[in-house]
Amino acid sequence: MELSPERVLVVTPHPDDAEVWAGGVIAKWVRAGAEVHGVLCTDGSRGGSDPELASTELAEVRSREQLEAANILGIKNVVMLGRPDGELEDTADFRKDLVRQIRLIKPDVVLTTEPYRRNMQWHRDHRIAGQVALDAVFPYARDHLHFGDLFANEGIEPHKTAMIMFWGSENPNAFVDIADDFDTKIKAVMAHRTQTGQRTESEMRAFIRARAEEAAATGNSSTDDEVTGLELAEAFRRVTFRT
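Because the structure is predicted, anything quoted here is derived from the model rather than measured. (Residues numbered from 1 in each chain as written. Predicted model: local features only at pLDDT ≥ 70, side-chain atom pairs only at ≥ 80, totals over all residues. Heavy atoms only, no water.)

Caption draft 1: Focus on the environment of valine 39. Tracing the sequence through the fold places valine 39 in strand β2 (residues 35–42). Judged by its relative accessible area of 1%, valine 39 is buried. Measuring from C-alpha to C-alpha, the distance between valine 39 and valine 78 comes to 5.5 Å, with 39 residues separating the pair along the chain. If we skip the residues at most four places from it in the chain, valine 39 touches Leu9, Val10, Val11, Thr12, Val79, Leu81, Leu98 and Gln101. (Helix = DSSP H or I, 4+ residues; strand = E, 2+ residues; numbered from the N terminus. Buried < 20%, exposed > 50% of the residue type's maximum accessible area, 1.4 Å probe, protein only. Contact = heavy atoms within 4.5 Å.)

Right, here's the structure in full:
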């Protein structure tokens, strides 16, 4: 899939999700001139295995890791909503937070996590974040009568996003070549030291490369996307909207 958006919004449930699943395409688009912004939905305060590290300390560390990773990928800024890890809910105020960012950034593409998986285990925060992001894109950010106070009080106009791309899908239909940006992806993933644990960079590289090779093989055999000759890829379920 060849796509060069001008503005991108990445909605990630936890620190490291976007880097693991979409770090290659983010780096690729930034290198092509895109302006990429991020929204981190949770504080990541429960995603650790060190019993000596309190959740408040973990949240602070993971926030720093996220900013380091974003800098490596070239993400312009990251808005941290700070919602408790493991407690995302499909609520109006969460939806409004995402609608606000969509209307402010005016992205051509929103990247986020797949909300609908039947056969693979999926973190509850991933399901909720993907669903709320989808609803925020369509129809809430588009229609001016949804959260009308954002315009009345903050002067933020509605926005129609052309495309949303879900990572972690069981049924991907878009495959992006990341061979030239694979090293950058690895550096961004390794910035999340609380998540890589005892695994070395070479071990993480081998693990992520195997996934990228699998995505490339699926893309090369896919009839949904006009791609051939992929070596390393990231896979997404692409949904388009009329703008």
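Caption draft 2: A look at helix α8 (residues 201–220). For α8, which comprises 20 residues, the first-to-last C-alpha distance of 28 Å matches the rise-based estimate of 28 Å (1.5 Å per residue) to within 8%. For α8, the full list of buried residues reads Met204, Ile208, Ala212, Ala215, Ala216 and Gly219. Down the axis, α8 shows its buried residues gathered within 100° of arc, on one side only. Along α8, the residues that are exposed and aim more than 90 degrees away from the buried face are Ser202 and Glu214. Along its buried surface, α8 packs onto β6 (174–177), α6 (182–190), α7 (193–196) and β7 (233–240). (Expected span 1.5 Å × (residues − 1). Arc of directions from axis to C-beta.)

Caption draft 3: Local environment of the environment of tryptophan 21. Tracing the backbone through its elements, the reader meets tryptophan 21 in helix α1 (residues 17–31). Between the C-alpha atom of tryptophan 21 and that of lysine 185, which follows or precedes it by 164 residues, the distance is 9.4 Å. Among residues more than four places away in sequence, those in contact with tryptophan 21 are Arg117, Trp122, Trp167, Gly168, Lys185, Arg211, Glu234 and Phe236.

Caption draft 4: Spotlight on the packing of helix α3 (residues 92–105) against helix α4 (residues 124–140). At their nearest, the axes of α3 and α4 sit 9 Å apart, and the two run at 55° to each other. Put simply, α3 runs oblique to α4. The two elements α3 and α4 meet at a crossing, and its hand is right-handed. Across from Phe94, Arg95, Leu98, Val99, Ile102 and Arg103 in α3, the residues of α4 making contact are Ile128, Ala129, Val132, Ala133, Asp135, Ala136, Val137 and Tyr140. Looking at the contact of α3 with α4 residue by residue, the class counts come to eleven nonpolar, no polar and three charged. (Axes fitted to C-alpha atoms, helices over the stretch in contact; angles between N-to-C directions. Parallel < 35°, antiparallel > 145°, perpendicular 65-115°, else oblique. Left-handed = near helix turned anticlockwise from the far one by under 90°. Nonpolar A, V, L, I, M, F, W, Y, C, P; charged D, E, K, R; others polar.)

Caption draft 5: Focus on the sheet that holds strand β4 (residues 109–113). The mixed open sheet is built from seven strands, whose spatial order is β3-β2-β1-β4-β5-β7-β6. Two strands bound the open sheet, and with one partner strand each, they are β3 (77–83) and β6. Direction aside, the axes of adjacent strands within the sheet are offset by 25° on average. Alignment of strand β1 (residues 7–12) against β2, held across six bridges, turns out to be parallel. Of the residues in β2, the one forming a bridge with valine 11 is valine 39. The strands touched by α1 within the sheet are β1, β2, β4, β5 (163–167), β6 and β7, with β7 carrying the most contacts at an inclination of about 85°. Packing of helix α2 (residues 55–73) onto the sheet brings it into contact with β1, β2 and β3, and relative to β3 it is tilted by some 155°. (Pairing = 2+ DSSP bridges.)

Caption draft 6: Here's a closer look at the environment of aspartate 43. By the secondary structure assignment, aspartate 43 is in the loop between β2 and α2. Its relative accessible area of 21% is what places aspartate 43 among the partly exposed residues. Along the backbone, aspartate 43 and isoleucine 72 are 29 residues apart, and their C-alpha atoms lie at a distance of 20 Å. If sequence neighbours within four positions are ignored, aspartate 43 has contacts with Ala59, Gly82, Arg83, Pro84 and Asp85. Within the local environment of aspartate 43, its side chain forms a polar contact with the backbone nitrogen of aspartate 85, the two atoms lying 3.1 Å apart. (Polar contact = N/O pair within 3.5 Å; in protein donor to acceptor, adjacent residues only side chain to side chain.)

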